[in-house]
Each structure stands twice: as structure tokens, then as C-alpha cells.
Amino acid sequence: MDKADLKLRTKAFGLRVLKLVRHLPRDVAGKVVAHQLARSGLSVGANYRSACRARSRAEFLSKLGIVLEESDESAHWLEIITDDKMLPPKKVSALLQEANELTAIFFAATTSTRKSEPLPKS
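This one's a predicted model, so the numbers in the text were calculated from it and none came from an experiment.

A. The arrangement of the overall build of the protein in detail. Within the protein one finds four helices and zero strands. If you list the helices and strands of the protein from N to C, you get α-α-α-α. Projected onto its principal axes, the C-alpha coordinates of the protein cover approximately 55 × 20 × 20 Å. Residues counted as buried form 39% of the 122 residues belonging to the protein. Partitioning the contacts of the protein with sequence separation of at least 6, the portion at a separation of at least 24 is 74%. Here the protein displays about 7500 Å² of accessible surface, and carbon together with sulfur accounts for 57% of that area.

Structure, rendered in C-alpha cells:
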């Protein structure tokens, strides 16, 4: 999967998150979870785009670390939705799987980037 594919995938993830939060209950708990999930879910794509424009390996790793944290946080909120029975698991499971896959992808990318040779100095 290349940068362009991941940009599309993370953007699609954010759009799917927005679609899901529209179906959450409008009580206090639902609103809190909706806000947190929307924030973290949309942050995955936004920060990945930012990582792609990094000026250094350190900046790239920093941004990629944020992407990793936000995708994992999104998985957390999706689990909360299911565990609290805000929505049926059937409505959440595919998006939770995508959050977990994105987390795995960005964990692997972070790990391999850390292990790779440093960039030559100009």
C-alpha cells in the first residue's frame, strides 16, 4: 500500500466515523463519545497527510506516532460504543476492524522507520 492509497483509506475511515457518530444516542454519554470518536477518527487522516509532508525523519516519526495513537484511540471509542450497547455490534464491527488494521499498519510503519538507516546529511 503506497502513500496515496493510505491517504484515501484514512480519509474514508474518517468519513465512516462521521456516518457512525450520527447514529449515536443524543444523551450525555452518546454526545461525549461521538465528540471523542469524531475527533480521533478524523485526526487519523489529517495527521497522516501531515506526516507525508514531513521535512525530516524525526518529524515523520512524530506525526506517524500521532496517527498511531489516534487510530488506537478510535478503536477504544468504538469498543466503548459496543460495550455500552449504544449501537449494535453489527453496526460497529467493520469500522472497529478498520481501526485495528490501521493501528497495525501504522505501528509497523513506525517500527520499520525507526529501524531504518538514518537519512544522509546534506
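B. Geometry of the environment of S116. One can find S116 in the segment after helix 4 (89-115). There is a polar contact of 2.8 Å between the side chain of S116 and the backbone oxygen of T113.

C. Representation of the packing of aromatic side chains within the structure. If you walk through the whole model with that rule in mind, you get one aromatic pair. Seen in terms of ring centroids, Y48 and F106 are 5.4 Å apart; in terms of plane orientation they differ by 50°. Their pairing is tilted. Of this pair, Y48 sits in helix 2 (residues 28-52) while F106 sits in helix 4, and the two are 58 residues apart along the sequence. Here the two residues Y48 and F106 agree in accessibility, since each one is buried.

D. Just the nonpolar core, in detail. Formed by 28 residues in total, the largest nonpolar core has its most connected members in L20, L24, L37, L78, I81 and F106. L20 has contacts with L37, L78, I81, L87, K91, V92 and L95, leaving out every residue within four places of it along the chain.

E. Summary view of the packing of helix 1 (residues 3-21) against helix 4. Running from N to C, helix 1 and helix 4 cross one another at 145°; their axes reach a closest spacing of 11 Å. Considering the relative orientation of helix 1 and helix 4, their crossing is left-handed. Taking contact as the criterion, the partners of L6, R9, T10, F13, R16, V17 and L20 in helix 1 are, on helix 4, K91, V92, A94, L95, E98, A99, E101, L102, I105 and F106. Across the contact of helix 1 with helix 4, the residue classes break down as 11 nonpolar, one polar and five charged.

Cut-off values and rules
- Residues numbered from 1 in each chain as written.
- Predicted model: local features only at pLDDT ≥ 70, side-chain atom pairs only at ≥ 80, totals over all residues.
- Heavy atoms only, no water.
- Helix = DSSP H or I, 4+ residues; strand = E, 2+ residues; numbered from the N terminus.
- Buried < 20%, exposed > 50% of the residue type's maximum accessible area, 1.4 Å probe, protein only.
- Contact = heavy atoms within 4.5 Å.
- Areas by Shrake-Rupley, 256 points an atom, 1.4 Å probe, with all protein chains shown as cover.
- Polar contact = N/O pair within 3.5 Å; in protein donor to acceptor, adjacent residues only side chain to side chain.
- Phe/Tyr/Trp six-rings, centres within 6.5 Å; stacked < 30°, edge-to-face > 60°.
- Core = buried A, V, L, I, M, F, W, Y, C linked by side-chain atoms within 4.5 Å.
- Axes fitted to C-alpha atoms, helices over the stretch in contact; angles between N-to-C directions.
- Left-handed = near helix turned anticlockwise from the far one by under 90°.
- Nonpolar A, V, L, I, M, F, W, Y, C, P; charged D, E, K, R; others polar.

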